[in-house]
Amino acid sequence: MRRPQGIAMVVALTIILILSVVSGLIFTRTINDLRASRDNTALAQAVNLARGGAVAASALLSNEVRASLETLVRSANPSLGGISTSDIWYYGGNDVLPNPATVASRLSLLAASLQTEVNSLICNRNFAPDGSGATVQVRIYFVRSSVCGQPFPAGAELPSGYVVDNDNNPATPLTRQTQGYALPYVMVVTASPGTPYQRNVVVQGEYRFLLTNGSFARYALFTNRHRTKSNTAVWFTSGTLFDGPVHTNERLRFSFNPWFGGYVTSAGCTDAGVSNCNGSTNPGAFFGSGSTTTFLSPSQMTNPNAPSWTSGGVTHAPTFEGNPRVNWQEPFIPMPANAQNQRNAAIAGGLYLNFDVARLTLYAGDANGTTPTCDSSGVCTPATSPYQYIEVCRTSSCTGTNRELYRYGSDGALYRQVGSSWVLVRASFNGVIFADGSINNLTGPARASSSNPNTAPPALASFAQITVANAGDGKNIQIRGDLKYQSPACSGTPTRSGNTVVRPTCNNLSADNILGVYSQDGDILLGDGTNNSLQDLTIHGVLMASRGEVTVQNYDSISPRGAIRLQGGIIQYTYGAFGQFNSSTGQMTSGYARQFAYDPRMQDRAPPFFPTTGVVQVSVATPLSFGQREQVY
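Quick caveat: nothing in here was measured; it's all calculated off a predicted structure. (Residues numbered from 1 in each chain as written. Predicted model: local features only at pLDDT ≥ 70, side-chain atom pairs only at ≥ 80, totals over all residues. Heavy atoms only, no water.)

(A) Geometry of the state of the cysteines. A complete count under the given rule lists five disulfides for this structure. A sulfur-sulfur separation of 1.9 Å characterises the disulfide bridge that pairs cysteine 269 with cysteine 277. Between cysteine 269 and cysteine 277, the S-S torsion sits near -60°, and that sign places the bridge as left-handed. Judged by its relative accessible area of 13%, cysteine 277 is buried. Each disulfide pairs two cysteine sulfurs, and for cysteine 393 the partner residue is cysteine 398, the sulfurs being separated by 2.0 Å. Judged by the sign of its S-S torsion, about -65°, the cystine formed by cysteine 393 and cysteine 398 is left-handed. Of the two residues, cysteine 393 and cysteine 398, neither departs from the other in class, the shared state being buried. The connectivity of the disulfides in the protein chain is 1-2, 3-4, 5-6, 7-8, 9-10, where the numbers refer to bonded cysteines in sequence order. (Disulfide = S-S within 2.5 Å. Buried < 20%, exposed > 50% of the residue type's maximum accessible area, 1.4 Å probe, protein only.)

Shown next as structure tokens:
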């Protein structure tokens, strides 16, 4: 009887052994599956991080690197890749077509200089999201040498730079050129989600950029001489808030804490002339207030990007938040010697007026000339208009032969009203209105409520792009009425709350309407010079006085009239005054205050035939990816 029991025990033990082996196998398989799942998850996290790093690095190329690129091309130092503007082709010589070898050679110098700038932005920088515990490192190779301590990746290609796009015509003046170039690059992104696993992504791409002769319209403020006509120094104070580029050919002065949201530059002339510094150059800036001031050169500033000076317990420290922030040794930028380009453009394809203009009215309207109706909050009905109207008055009565009325639609065909008919004048209006004489009243349509600028109908239809220009000694342009866009790019103005400045809201940057007002020899006067000047005069556009100033007429004698609400920029030979205020209370005592907002569209665009600076500008910089491969470490 014991033998069957022994057999049963052996069988039971065998079964237990088999189950143990099976359980062990299942456990091992489960552990292996868990490890594989963990590995797959880590690898997926790594590749996603690497791809995200590539996107972040591309954004860096479009922004911070673009700013460095512009600084280099404007350096006028060929060894750094700076441009010789005497050549038809910025990087290709003077042949009818760009010379590929010359392009490659000159762009290689630019690539080497740009590599140094890029390294300072990416090496030792973690592109992973804050707090993620991950690591994402990026290397961008514009040259085949080591970057961030790592050699050029094996198997990657890096061709020479070349021309990719242009509208150049050797018969066209250099100031009308737009040329495109490409710098090939290799981007390597190494990512780890905080585990031993890494993912390496190699991207082949090109950094394409367009170069143009920069427009004066790009500036929020430009002065040739940073002082008034009477030679009074101009100081920026805590009430100064410029959210676009600022330049002077002389030197800036800072009291307390002015704020600048764009690139700030100065040439450092001690006495700027028409075409050059006209004397010595001493780069730097003045700091202080009242009789307690000092001058600091860049070498005397503790930090040239954030300079400050303290005296008597008071610190004078301007804030620069542009990218780049500031350059105290920018090249001198001469203002135009004449307005011949604008005159010729008006004769060839615009409106040329060889007389003093009593009134020039711009307004958007329907087929009957009816303007939109705008309520007290600024909402206009209808929101768009099919026509842009231009009314030219030879005399203040503006009747009969002393009145000319034009209009055009989005197709650009310009018509003049003759009796009850509209007669074609230009098949394609180029947007330039030029007067060889004064324009005594440049205005938009009248307000519904004289005290509320929101009720003023638009002066420019949503599609209209116009430059109003004039020339002649002592011939001014006077803006007496509101000049508003039907589709403005921005709303509001920069405002300060403590140490924080809130920028305007600019969410309509695709808007097409643009206005430029340019006086070559005279001033641009704002208001009518009396106590009847409009309250809170509103102007959308870029104002430029090449030999004069943009100023409020009789700013020191008229009663306070609110503020000049400008969306655009001011370019002037000397700094024009707008009003006066009580230094103790800060209250206006005469004239207008300033409420300025920069139009960011002017970085890449300009009113038609607006004067150019002769300084090359990077209008577009875009990274393009052509291929990507991955590798596991």
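There is more to say, and it comes next.
(B) Layout of helix α4 (residues 340-349). Along α4, the residues classified as buried are Gln342, Arg343, Ala345, Ala346 and Gly349. Considering only its buried residues, α4 is in contact with β17 (351-353), β24 (421-426), β25 (432-435), β27 (465-470) and β31 (514-519). (Helix = DSSP H or I, 4+ residues; strand = E, 2+ residues; numbered from the N terminus. Contact = heavy atoms within 4.5 Å.)

(C) Up close: the sheet that holds strand β9 (residues 259-260). If you trace the three strands from one edge of the open sheet to the other, you get β6-β9-β15, paired in parallel fashion. Looking at strand neighbours, the two that pair on one side only are β6 (241-242) and β15 (319-320), the edges of this open sheet. With two bridges joining them, β9 and β15 adopt parallel strand pairing. Across the sheet, residue phenylalanine 260 finds its bridge partner in β15, namely phenylalanine 320. (Pairing = 2+ DSSP bridges.)

(D) Expanded view of the side chain of threonine 443. Looking at the secondary structure, you find threonine 443 in strand β26 (residues 439-443). For threonine 443, a relative accessible area of 10% puts it in the buried group. Excluding anything up to four places from it in sequence, threonine 443 contacts Arg359, Leu360, Thr361, Leu362, Gly481, Asp482 and Leu483.

(E) How the structure looks around unusual backbone geometry. For the peptide bond that leads from threonine 381 to proline 382, omega is -5°, which places it in the cis range. The phi angle at asparagine 124 is positive, at roughly 65°, despite the residue not being glycine. Along the chain, the position of asparagine 124 falls in the loop between α3 (100-122) and β1 (135-141). The backbone of asparagine 278 sits at a positive phi, close to 60°, despite the residue not being glycine. Looking at the secondary structure, you find asparagine 278 in the loop between β10 (264-266) and β11 (285-289).

(F) View of the environment of valine 392. Checked against the element boundaries, valine 392 lands in strand β21 (residues 387-393). With relative accessibility at 0%, the residue valine 392 sits in the buried group. The spatial distance from the C-alpha of valine 392 to the C-alpha of asparagine 402 is 8.1 Å, given a sequence separation of 10 residues. Apart from residues no more than four positions distant in its own chain, valine 392 is found in contact with Leu353, Phe355, Val357, Arg359, Leu360, Cys398, Asn402, Arg403, Glu404 and Tyr406.

(G) Here's a closer look at the pairing of β21. Buried residues dominate β21, accounting for six of its seven residues. Note that strand β18 (residues 359-365) and β21 share seven bridges and pair antiparallel. Counterpart to tyrosine 363 in the pairing with β21 is tyrosine 389. Summarising the sheet, β21 and strand β22 (residues 403-408) pair through six bridges and their orientation is antiparallel. Its bridge partner being in β22, cysteine 393 is matched across the sheet by arginine 403.

(H) View of the environment of serine 397. Here serine 397 shows up in the loop between β21 and β22. Separated by 39 residues in the primary sequence, serine 397 and alanine 358 place their C-alpha atoms 9.0 Å from one another. Of note is the side chain of serine 397, whose polar atom sits 3.0 Å from the side chain of threonine 395. (Polar contact = N/O pair within 3.5 Å; in protein donor to acceptor, adjacent residues only side chain to side chain.)

(I) Structural detail: the packing of aromatic side chains. Applying the stated criterion to the full structure yields 27 aromatic pairs. Both rings, one in phenylalanine 142 and one in tyrosine 185, keep their centres 5.9 Å apart while their planes meet at 55°; by these two values the pair is tilted. Of the two residues, phenylalanine 142 sits in the loop between β1 and β2 (162-166) while tyrosine 185 sits in strand β3 (residues 178-192), which places them 43 residues apart along the sequence. For phenylalanine 142, a relative accessible area of 5% corresponds to the buried category. Within the aromatic cluster, the residues linked to one another by ring pairs are Phe236, Phe242, Phe254, Phe260, Phe287, Phe320, Trp328, Phe578 and Phe596. In this arrangement the basic side chain of arginine 125 is found over the ring face of phenylalanine 127, its NZ or CZ atom lying 4.8 Å from the centre. The ring of phenylalanine 355 has arginine 394 sitting right over it, with the charged end atom 3.9 Å from the ring centre. (Phe/Tyr/Trp six-rings, centres within 6.5 Å; stacked < 30°, edge-to-face > 60°. Lys NZ or Arg CZ within 6 Å of the ring centre and 35° of its normal.)

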